[in-house]
Amino acid sequence: MAAFRPAINKNRRAQRLTSIRVSAAATKEVLILGGTRFIGVYLARQLVEAGHEVTLLTRGKKEVTYQIPDDTDESYNAYKSAVKHIAADRKDKSMLDSKLAGKKFDVVYDMNGREAEEADLILGALGDVGQYIFCSSAGVYLKSSQMPHFEVDAGDPKSRHKGKLNTEALLEDKGVNWTSIRPVYIYGPLNYNPVEEWFFHRIKEGRPIPIPNSGQQVTQLGHVKDLATAFVKVLDNEKASRQVYNISGERFVTFDGIAKACAAAAGAPEPELVHYNPKDFDFGGKKAFPLRDQHFFTSIAKAQADLNWTPEYGLVEGLKDSFEKDFGRGTFRKAADFSTDDLILSQK
Ligand SMILES: NC(=O)c1ccc[n+]([C@@H]2O[C@H](COP(=O)([O-])OP(=O)(O)OC[C@H]3O[C@@H](n4cnc5c(N)ncnc54)[C@H](OP(=O)(O)O)[C@@H]3O)[C@@H](O)[C@H]2O)c1
């Protein structure tokens, strides 16, 4: 299955920017729980750009604003002066109650909630919230032999993301006007998960890329800016009320296809791919590959139908964006570690 798509449709992007810029009357008071690491960094910028009043609530361990490669000096200064901050630990009830006392928000974007109790504390502290938009995960789905996953598919009550399912249930029980977004793998500049970065490290060194089993496992990656746009499109959208949406790229891709797409994005020759059986190795608890060793992909048709949204990035263009604004500049989150690769390659 190919992951390639022609160049980004710049007209579509221009249309998006004009279509989401709001009139003064439609300006919303928005609270983002998060907004300083990855998805929220792009979401907050898009919301400010669209004319909303944006407040970030974080503990303040991470800088509240910092310039990213997508910013110009001018756009960053505008963002920095527009965005407000509340310093609080969202898990600390008394701190939340005092920091949010008397504050009113039309919309809450909950970008970092993991357990239902965390959302409950926010609802308790804020009282009335017009709209609550939650960042869930496609990791909630029960493993299935029929894919793509649709939003109606069963969740896995034993998944490590079960707190996300419980959060959706809590929001429904409390009669909140909620929407839940379930991203698959997210990539793009600033990615805190070593997804494309894992491949880029190997490509940079001209190393073979070890891929478990056949390499034909099918999965799905979505660019962070397309995800942020989808979050914006939920705002004030009646169709999205009490709905769940899968959000990711438009096409599916094999593990081998990701390796090749990363090389193409980095301007490198096609890499040598080495397939191995993970059962033949003891990696001592180390992760030898950054993705789940299974087919894992979703349908994004519901979001495309309801949200007037469609991804702008094809995989190679999106990976190029990530390479040019992150890894290719020498920035990454995790240093290269080829120890599991060496073990695999020594037995080939
Ligand atoms: N990566 C993927 O492929 C993937 C896939 C599916 C779903 N997701 C979901 O994506 C979300 C992560 O997005 P993101 O990190 O990019 O979001 P984000 O909006 O950038 O928010 C992250 C920020 O939240 C703050 N934070 C963390 N714990 C906090 C607490 N207890 N109280 C207050 N603030 C807190 C941190 O700042 P401070 O340290 O300063 O507090 C952090 O910088 C998660 O919900 C995850 O489940 C990710």
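Residues numbered from 1 in each chain as written. Predicted model: local features only at pLDDT ≥ 70, side-chain atom pairs only at ≥ 80, totals over all residues.

Engineer: What's the story with the nonpolar core in this structure? I'm lost.
Structural biologist: Taken as a class, soluble globular proteins show a tendency for nonpolar side chains to be buried jointly. Grouped together as the largest cluster of nonpolar side chains are 85 residues, with contacts concentrated most on I32, I39, L43, Y109, F231 and C262. Top contributing element to this core by residue count: helix α9 (residues 255–266), with nine residues. Discounting chain neighbours no more than four positions away, the residues touching F231 are L43, Y109, I133 and I181. (Core = buried A, V, L, I, M, F, W, Y, C linked by C-beta atoms within 7 Å. Buried ≥ 20, exposed ≤ 12 C-beta atoms within 10 Å, placed from the backbone. Helix = DSSP H or I, 4+ residues; strand = E, 2+ residues; numbered from the N terminus. Contact = placed C-beta atoms within 7 Å.)

Engineer: Is there a simple way to explain helix α2 (residues 39–49) in this structure?
Structural biologist: Structurally, the α-helix is built with 3.6 residues per turn, so residues lying three or four positions apart point the same way. For α2, the tally of buried residues reaches eight of eleven residues, placing the bulk of the element in the interior. Within α2, the full set of buried residues consists of I39, G40, V41, Y42, L43, A44, R45 and L47. Of the residues one or two after α2, G51 is the one with positive phi, at around 100°.

Engineer: Would you take a moment to explain the UniProt feature "domain: NAD-dependent epimerase/dehydratase" (unreviewed entry) in the chain for this structure?
Structural biologist: Taking the numbering used here, the UniProt-annotated feature "domain: NAD-dependent epimerase/dehydratase" (unreviewed entry) corresponds to residues 30–247. When the span residues 30–247 is considered, its composition is 33% helix and 21% strand, and the gap between its end C-alpha atoms is 21 Å. (UniProt positions renumbered as here; feature names shortened; annotations may be inferred.)

Engineer: When you look at the packing of helix α5 (residues 116–126) against helix α6 (residues 162–173) in this model, what are you seeing that I'm missing?
Structural biologist: Relative orientation and spacing of two packed helices are given, respectively, by the angle between their axes and the distance between those axes. Across the interface, α5 lies against α6 with an axial gap of 8 Å and an inter-helix angle of 35°. Contacts from A116, A119 and D120 of α5 reach α6 at G163, N166, T167, L170 and L171. (Axes fitted to C-alpha atoms, helices over the stretch in contact; angles between N-to-C directions.)

Engineer: I would appreciate a short explanation of the sheet that holds strand β4 (residues 107–110) in the present structure.
Structural biologist: What holds strands together in a sheet is hydrogen bonding between their backbones, with the strands either parallel or antiparallel. Strand order across the open sheet formed by seven strands is β3-β2-β1-β4-β5-β6-β11, with parallel pairing between neighbours. Sheet topology places β3 (84–87) and β11 (243–247) at the edges, where each strand pairs with a single neighbour. Across the sheet, the axes of successive neighbouring strands diverge by a mean angle of 20°, strand direction being ignored. Pairing between strand β5 (residues 131–135) and strand β6 (residues 178–183): four bridges, direction parallel. Each residue of the ladder has a partner; that of F134, found in β6, is S180. The strands touched by α6 are β5, β6 and β11; relative to β5, the strand with the most contacts, the crossing angle is about 170°. (Pairing = 2+ DSSP bridges.)

Engineer: I'm lost on the site of the ligand in this one. Help?
Structural biologist: Near the ligand you find 24 residues, and of these G34, R37, F38, G40 and R59 are the closest. Taken together, the elements giving at least two residues each to the shell around the ligand come down to α2 and β7 (185–187). Per element, the largest residue contribution to the shell around the ligand is three residues, and it comes from α2. Of the residues that constitute the shell around the ligand, the class distribution is eight nonpolar, nine polar and seven charged. (Near = placed C-beta within 6 Å. Nonpolar A, V, L, I, M, F, W, Y, C, P; charged D, E, K, R; others polar.)

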